[in-house]
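# Coordinate inspection notes
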Amino acid sequence: DVQLVESGGGSVQAGGSLRLACTISKSLDSSDCLGWFRQAPGKKREGVAGIDNHGKTSYSKSVNGRFIISKDDAKNTLYLQMNSLKPEDTAMYFCAARNGPCLWSALRYNFWGRGTQVTVS
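A brief report on the enclosed structure follows. (Residues numbered from 1 in each chain as written. Predicted model: local features only at pLDDT ≥ 70, side-chain atom pairs only at ≥ 80, totals over all residues. Heavy atoms only, no water.)

### Observations regarding the nonpolar core
Our working definition: Among the buried residues, those of types Ala, Val, Leu, Ile, Met, Phe, Trp, Tyr and Cys that are joined through side-chain atoms within 4.5 Å form a nonpolar core. Here the term buried applies to any residue with accessible area under 20% of the maximum for its type, exposed to any over 50%, and partly exposed to those in between, with areas from a 1.4 Å probe on protein chains only. Helix numbering and strand numbering both begin at the N terminus, where a helix is a DSSP run of H or I of at least 4 residues and a strand a DSSP run of E of at least 2. Throughout, a contact is declared for two residues whenever any of their heavy atoms are within 4.5 Å.
One finds Trp36, Val48, Phe67, Leu78, Leu80, Met82 and Tyr93 to be the most contacted residues of the largest nonpolar core, which totals 26 residues. Looking at this core, the elements with two or more residues in it are strand S3 (18-24), strand S4 (33-39), strand S5 (46-52), strand S7 (67-72), strand S8 (77-82), strand S9 (91-98) and strand S11 (116-120). If we ignore the near neighbours within four places in the chain, the residues touching methionine 82 are Gly16, Ser17, Leu18, Leu20, Arg66, Phe67, Tyr93 and Val118. In terms of nonpolar packing, the next biggest core, distinct from the first, is built from 5 residues, Cys33, Ala96, Ala106 and Tyr109 among them.

### Quick notes on the pairing of S5
Put simply, the test is: A pair of strands is treated as paired once DSSP finds two or more bridges between them.
The buried fraction of S5 amounts to 6 of the 7 residues, a majority that puts the element mostly inside the structure. Alignment of S4 against S5, held across 6 bridges, turns out to be antiparallel. When the sheet's bridge partners are listed, phenylalanine 37 is paired in S5 with glycine 47. Between S4 and the antiparallel strand that follows it, S5, lie 6 residues; glycine 42 among them carries a positive phi value of about 80°. Summarising the sheet, S5 and strand S6 (residues 57-59) pair through 3 bridges and their orientation is antiparallel. When the sheet's bridge partners are listed, glycine 50 is paired in S6 with serine 58. Between the antiparallel neighbours S5 and S6 lie 4 residues, among them glycine 55 with a positive phi of about 90°.

### Brief notes about the side chain of threonine 116
The criterion, for reference: The definition of a polar contact used here is a pair of N or O atoms within 3.5 Å, where within protein one atom must be able to donate a hydrogen and the other to accept one, and adjacent residues in sequence count solely through side-chain atom pairs.
Following the sequence through the fold, threonine 116 ends up in strand S11. When its relative accessible area of 11% is taken as the criterion, threonine 116 is described as buried. Within the local environment of threonine 116, its side chain forms a polar contact with the backbone nitrogen of glycine 9, the two atoms lying 3.2 Å apart. Excluding its chain neighbours within four sequence positions, the residues that come into contact with threonine 116 are Glu6, Ser7, Gly8, Gly9, Leu20, Ala91, Met92 and Tyr93.

Read these as spatial facts, not as claims about activity.
Okay, here's the thing in structure tokens:
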């Protein structure tokens, strides 16, 4: 069964905003780190933002100052507020979970959603 499900993607003009959401299965309540990754055609999957179980957040340099990661534990939902979107932000966005500290490598995350498409023109 799917344990993480992304939503909120779509097509927007440059400079616009979108808020992505990721619903998380209760079976992953013990996960120490939740993160957002993205992958464009022909490119490797890259880390975008992460938040650990202490509320500490991290952002890639390319999105720092524009994106905000947050979570609502009561709703078992992870969010990514994306502002001032640029064409280079176009990608499939995935949420992921792992135990232990937040890391940038996608290979270190063992639970993944199926992704939601974000297109900026």
